[in-house]
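Below are the chains, spelled out letter by letter.
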Amino acid sequence: MIYHDKVKDTLQALYAKLEYTHKYTQLPWLVVFLYHFICSSSFGSSEKMQHTGKWISISKVKMTIFPGLYYYRLSPLSLACTEDVIFQGPRWRTEPSDLILPISSPDQQATITCEAEGSPPPQYRWSLNGTLIDLGNDYRRHMSGGSLIISNLDKDQDTGVYQCTAFNTWGSILSRRASLQFAYLDNFKTQTVRSAVNVREGQGVVLLCGPPAHSGELAFAWIFNEYPYFVQQDSRRFISQETGSLYIAKVEPSDVGNYTCVVNNTVTREKVLSSPTPLVLRSDGVMGEYEPKIEVHFPDSVPAAKESVVKLECFALGNPVPEISWRRTSGVPFPSKVKMKNANAVLEIPNFQQEDAGAYECMAENRRGKNAVRGRISFHAKPHWLQTMTDTALSIEENLFWECKANGKPKPSYSWLKNGEPVAEGRVQIENGALSIAALNLSDSGMYQCVAENKHGIIYSSAQLMVLASPPSFSKSPLRALVKARSGSEVTLECKPQASPPAISLWKKGNEILITLLPNGTLKIANVTRRDAASYTCIAKNQFGTAKPTRITMRPTNMEIIVGESIVLPCQIACDPALDVSFSWAFNGQLIDFQRDSDHFERSISGDLMIRNIQLNHGGKYVCVIDTDVESLSTSAILVVKGPPGPPDKVSVEEITDSTAQLSWTPGRDNGSPITGYIIQARTPFTVGWQAVDTVPEVVNGNMLTATVVGLNAWVEYEFRVVARNIVGLGEPSPASAKTRTEDAIPDTAPTDVGGGGGTKSELVITWEPVPEELQNGEGFGYIIAFRPVGTVTWTRAVISNIGVARYVFRNDTIPPFSPFDVKVGAYNNRGEGPFSSIATVYSAEEVPSVAPKRVRARSVSAAQIEVIWEALPAIPERVLGYEVVYWEDDTKPDTVGKVRISGNYTLVNITGLKANTVYYLSVAAFNTAGPGPQSAPINTTTKKPPPDRAPLNIQWTMIGSTLTLHWDPVVAMETESKVTGYLVGPSLLILTNKTTVALSLSANDNYLIQIKAMSEGGEGVGSEPIHIHKLSMGARGSGASCLSPLYLSAALISALLCSIW
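Quick caveat, the model's predicted, so the values are computed rather than measured.

**Q** Sorry if this is basic, but what is going on with the overall build of the chain here?
**A** Of regular secondary structure, the chain possesses 3 helices and 92 strands. Out of the 1062 residues in the chain, the part that is buried amounts to 42%. Of the contacts formed within the chain by residues at least 6 apart in sequence, a portion of 64% connects residues at least 24 apart. Here the chain displays about 55,400 Å² of accessible surface, and carbon together with sulfur accounts for 51% of that area.

In structure tokens:
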């Protein structure tokens, strides 16, 4: 006799010996013969046990060849009911993340994390760029748990996209992809001084940085002359973080000097400096005012990711310095989150969203004019899940339908994986984010993943499918053995067997089959009588199929749609699964060829018709035809496609004057939506593209086919075109009209920006802004210049017929120097004289100062700086605008070095950037617009010896509480260097001492940067390695010493920075 425990032990032992395989249907049958009375005991007709993480069912089947005996069938992945299912496939706890590391990472090791849970515990494998990594033969790579650890990093071998696979006996899942990149920053190719940039005062200038080869995000700054003097950004100066270049809108004398570009890699924290670029002020005059010229502007199209920070740069050169303003061309105001930085040169949009997309305009404006640039920010987003599938347990031969939905910009595409491999279509139907499997079998079990992907990213959603199979069983819901009922009452008999697939229930009263059942198999007996007393039996069977008529469950409906959109016309049925069903679609009486027209038409397996990117010619009648073995059905719908109007035609100019044009045209197609209005556009040789023009009437409605264009310029050749619109939008423009010239007219625009001055003795120089060609109104155009001494009545006139000239010089020996004149400039053409400009006051040329400055003295301030002092000139007939200091090394060549100008009544100037321990000769002269006057007698002085070029060494420190005590070795100057006079401890605390030790009292609420420099007559020496003290470290105790290496206190106490902190 074999008892139940022995049966269980035997089954477990056998199952433990079976090797794991995905082909579960190949597992052997286990037959155990039992006596009939054992089978009727508590062991039941179906029982399940768990072993090594797998559920199995033992199904009892009666053997007909041995009456009274049963055999038990072992079925892995089989369960009696879904409520008992435990899902134990792999589940992600931690997925890999992108890494970017310095090329010379200190630890030379990277860890890409990967961890999953499941039962049995998952195992792992890794791929690089889609190729499986052979960890057994790779000495640099190994796994810790599921994480991949890479030692001795190699940029060429290790850069790429990594993906982790977790698997156990239930199946496999792929992780999200993670990239490993390396950041670096090369040095500038040349370290020689860059070519000097020569500009006039008032002129704009761009200093190029030209960053070296790199990987990783960069940040830019500029040094002015020497560290730590950095260029401060304001409305006049701007550093682009896109190009690294320095932009100065209007150069001033204080801008003269050397500029060095500083490039920082934000990942590696490396820093490189370019060679200095000298900025030199030209001596040929001051640049006049001019309208803004936008040098920094964002691209025409700027892609932006969801929730990113978008920064648009815009900066203009101009005199006066332009003001920058921003707007959205749609007129929508900026939300409060939008910020303007660097004097409005940077527009920052944090947490970028769909509503922030659109066209943006940057406007640069000064009193000379304005200029604008536009660009469009487009929105894109990585896919993110709106709907994912969940772990599912279904009975064998049931249908599976999983759907996942993701959002993204552009719209994501979908694919499906089973156990890490693409799902093979056939029985499995895939449509976008939906997966369906009809009539499941045991081999369909496994781990499935829905993959949503667009060009900005890819995401995975995982779920486990368990296919259950078991015969009907009443072990959990047995029928009541005896039911007592009163005559006239109602009795309900439930039949709820556990079965996979669900069983078909049948009731018998004795041998009589009952057919009046409720849908769930329950038998209800109303108004019970004695004749209802009997033995009732419920029979449950695992059988598919029942005869039922074919019917359309979802049909298309008439609709209107806009051109370019996509729709789905549904056509779905319910029918007997045994029937063969085919779907076809007809459009306007013609069958749709889905292969030939695949760009627009696609038919789903279920019969639905998808129409993508609908065009105007897709409007019409659509018929869905369903054919089965026994009948044919059809359903139809009318699709109306609306679009923007077609282009108008035959645009002609009926009549034209010097400022108006009468137009007429014929309408184009309305494309399903009435034309609501027209827009007139014009183009001339002087415009950029087509521009909308003013009309009479102001609004041209859809019923009008004529209009008068107003506000045209005289004697200009015009082309016109017409654009129609309806509620859908603007249509294509009409062909252009024939070119037509407006009539000529007397000039109506006077020259602007009348001014002048300067020149040589006995000259009156007059300048103006020329009248643009499109405003000259006719042939024979020229200028009339009128001038007179201030206070007189009679005008002197001069005529200039050269339209390209914008300067007139009147010479007369009787003109007093620097005397005021009333000046005005007019325009004329063959039709007559136009208006004059407003009167401007212009001064005649002046004479240079006639006296040289006296009592000129000079002293050496440092190794690179000399201070020059002189007495201001007394009152003289000539104007004095400032002073000019000329200096040189060789007294025989007084033009070998340079000069410094200072405007105003200043009598002191510092000359910097000089050579150490060098004799310099100097001379001072007064200047005005006519140039410099006579120079003073030359004097000479010698610059100091240079400071020591060595930093203090052997820095020792002791820190108790908030007191930091520093001690260092003295710096001894060489014979060619200035003697050390003391030491400067800074920059957070500026302390000057003549000792080699100092005690600093630090605040617990501040951060400190400590550096020690030797001081001498020649200036500051080289600083020691910086020491960074964090405010959180106050109250700690420690001590240490350092030579040239960085300083480190305990973990968070003092960290030596290896690169400068800007």
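**Q** In this structure, what is going on with the pairing of strand β69 (residues 782–789)? I would like to understand it.
**A** Most of β69 is tucked away: 7 of the 8 residues are buried. Judged from the 5 bridges that link them, β69 and strand β70 (residues 796–800) form a sheet pairing that is antiparallel. Paired with Ile784 across the strands is Val799, a residue of β70. Taking the residues that link successive antiparallel strands as the turn, the β69-β70 hairpin has 6 residues, and the phi of Gly791 there is positive, at about 100 degrees.

**Q** Explain unusual backbone geometry to me, please; I cannot follow it from the model alone.
**A** Where the residue is not glycine, phi is negative for most of them; where a peptide bond is considered, it is trans in most cases. In this structure, the amide linkage connecting Ser119 to the following residue, Pro120, adopts the cis form with an omega of 0 degrees. Take Pro120: it is sitting in the loop between β7 (115–117) and β8 (123–128). A cis geometry characterises the amide bond from Gly986 onward to Pro987, with omega recorded as 0 degrees. Considering the arrangement of structural elements, one finds Pro987 in strand β85 (residues 980–987). Here Asn954, not a glycine, exhibits a phi torsion of approximately 55 degrees, which is positive. Relative to the assigned elements, Asn954 resides in the loop between β82 (939–942) and β83 (955–960).

**Q** Whenever I open this one, the sheet that holds strand β75 (residues 857–860) confuses me. Can you help?
**A** Here we have 3 strands laid out as an open sheet, ordered β75-β76-β79, and antiparallel in their pairing. Each having just a single partner strand, β75 and β79 (908–911) make up the two edges of the open sheet. The mean angle between the axes of side-by-side strands here comes to 20 degrees, regardless of whether they run parallel or antiparallel. One ladder, built from 4 bridges, connects strand β76 (residues 866–869) with β79; its direction is antiparallel. Bridging from a neighbouring strand, Glu867 pairs with Asn910 of β79.

**Q** Can you walk me through the confidence of the model for the chain in this structure?
**A** Parts of the model with low pLDDT should not have their predicted coordinates read in detail. With 86% of its residues at a pLDDT of 70 or more, the chain shows a mean pLDDT of 84. Note on residues 543–548: pLDDT is under 50 here. Beyond four places in sequence and across chains, it has 8 contacts. This model gives residues 1036–1062 a pLDDT under 50, and the stretch forms 62 contacts once residues within four places in sequence are excluded.

**Q** Please explain the packing of aromatic side chains as it appears in this structure.
**A** How two aromatic rings sit relative to each other is given by the distance of their centres and the angle of their planes. The full count for this structure, using the stated rule, is 20 aromatic pairs. With a centroid separation of 5.1 Å and an interplanar angle of 50 degrees, the aromatic rings of Phe224 and Tyr259 are classed as tilted. Of this pair, Phe224 sits in strand β18 (residues 218–224) while Tyr259 sits in strand β21 (residues 257–265); the two residues are 35 residues apart in sequence, bridging distant segments of the chain. The class for Phe224 is partly exposed, based on a relative accessible area of 22%. When the centroid spacing of 6.1 Å and the interplanar angle of 25 degrees are considered together, the rings of Phe352 and Phe379 count as stacked. Taken together, the positions of Phe352 in the loop between β29 (346–349) and β30 (358–366) and Phe379 in strand β31 (residues 369–387) put the pair 27 residues apart, joining distant regions of the chain. Residue classification places Phe379 among the buried positions, given a relative accessible area of 11%. Among the aromatic side chains, those forming a connected cluster through ring pairs are Phe587, Phe601 and Tyr622. Its guanidinium or amino end placed over the ring of Phe927, Arg901 lies 4.0 Å from that ring's centre, counting from NZ or CZ.

**Q** How should the environment of Thr767 be read in this particular structure?
**A** One can find Thr767 in strand β68 (residues 763–769). Residue Thr767 is classed as partly exposed on the basis of its relative accessible area, which comes to 25%. Separated by 11 residues in sequence, Thr767 and Gly756 have C-alpha atoms that sit 4.9 Å apart. Excluding its chain neighbours within four sequence positions, the residues that come into contact with Thr767 are Asp753, Val754, Gly755, Gly756, Ala806 and Arg807.

**Q** When you look at the pattern of salt bridges in this model, what are you seeing that I'm missing?
**A** Side-chain pairs of opposite charge can arise whenever the charged atoms involved come near each other. Under the defined criterion, the tally for this structure stands at 39 salt bridges. Taking the shortest distance from any N to any O, the salt bridge between Glu252 and Arg236 comes out at 3.6 Å. Taken together, the residues span a long stretch of sequence, with Glu252 in the loop between β20 (246–248) and β21 and Arg236 in the loop between β18 and β19 (237–239) at a distance of 16 residues. Relative accessible area serves as the criterion here: at 30%, Glu252 is assigned to the partly exposed category.

**Q** What is the right way to read the state of the cysteines from this model?
**A** Disulfides are covalent bonds that connect the sulfur atoms of two cysteines. Tallied over the full model, the rule gives 5 disulfides. Here Cys314 connects covalently by a disulfide to Cys362, the sulfurs 1.8 Å from one another. As the torsion about the S-S bond is roughly -80 degrees, the Cys314-Cys362 disulfide counts as left-handed. Here Cys314, found in strand β26 (residues 310–319), pairs with Cys362, found in strand β30; they are 48 residues apart in sequence, far enough to count as distant. The disulfide partner of Cys404 is Cys450, and the gap between their sulfur atoms is 1.7 Å. Residue Cys404 is located in the loop between β33 (400–403) and β34 (405–409), and its partner Cys450 is located in strand β39 (residues 446–454); the two are separated by 46 residues in the primary sequence. As far as burial versus exposure is concerned, Cys404 and Cys450 are alike and both buried.

The rules behind the values
- Residues numbered from 1 in each chain as written.
- Predicted model: local features only at pLDDT ≥ 70, side-chain atom pairs only at ≥ 80, totals over all residues.
- Heavy atoms only, no water.
- Helix = DSSP H or I, 4+ residues; strand = E, 2+ residues; numbered from the N terminus.
- Buried < 20%, exposed > 50% of the residue type's maximum accessible area, 1.4 Å probe, protein only.
- Contact = heavy atoms within 4.5 Å.
- Areas by Shrake-Rupley, 256 points an atom, 1.4 Å probe, with all protein chains shown as cover.
- Pairing = 2+ DSSP bridges.
- Axes fitted to C-alpha atoms, helices over the stretch in contact; angles between N-to-C directions.
- pLDDT = per-residue confidence, 0-100.
- Phe/Tyr/Trp six-rings, centres within 6.5 Å; stacked < 30°, edge-to-face > 60°.
- Lys NZ or Arg CZ within 6 Å of the ring centre and 35° of its normal.
- Salt bridge = Lys/Arg side-chain N within 4 Å of Asp/Glu carboxyl O.
- Disulfide = S-S within 2.5 Å.

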